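Chains, contacts and geometry: an overview
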Amino acid sequence: MVTFQSSLFEYEEDLSPLTDAEREVYEAVEQDDFGMREYARKTGRSPGTVGNFLRRARRRLNGGEAA
């Protein structure tokens, strides 16, 4: 289940279940429209690492705990 924090102007996704690394990747790829490979190059991470963080973040936000 995805929860949202409310404000007068917009709803923002509650990213509190994510680790710092998962949050960073999720925000860059899902919200800031970076591609995974582009973000990997920008941060010096491998595309596989970025993909793993993104997959775990999506699982956590959809109610499933990532192992």
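To be clear, the structure that these remarks concern was listed above.
Here's what I pulled together on the structure shown here. (Residues numbered from 1 in each chain as written. Predicted model: local features only at pLDDT ≥ 70, side-chain atom pairs only at ≥ 80, totals over all residues. Heavy atoms only, no water.)

**Comments concerning the nonpolar core**
If you look at the biggest cluster of nonpolar residues, it comprises 14 residues, and the most contacted ones within it are L18, V25 and Y26. Of all the secondary structure elements, the ones that give two or more residues to this core are helix 1 (20-31), helix 2 (36-43) and helix 3 (47-61). Non-local contacts of V25, meaning those with residues more than four positions away in its chain, are made with E30, Y39, R45, V50, F53 and L54. (Core = buried A, V, L, I, M, F, W, Y, C linked by side-chain atoms within 4.5 Å. Buried < 20%, exposed > 50% of the residue type's maximum accessible area, 1.4 Å probe, protein only. Helix = DSSP H or I, 4+ residues; strand = E, 2+ residues; numbered from the N terminus. Contact = heavy atoms within 4.5 Å.)

**A look at unusual backbone geometry**
Negative phi values dominate among residues other than glycine, just as trans dominates among peptide bonds. The backbone of D33 sits at a positive phi, close to 65°, despite the residue not being glycine. Along the chain, the position of D33 falls in the loop between helix 1 and helix 2. Residue classification places D33 among the exposed positions, given a relative accessible area of 65%.

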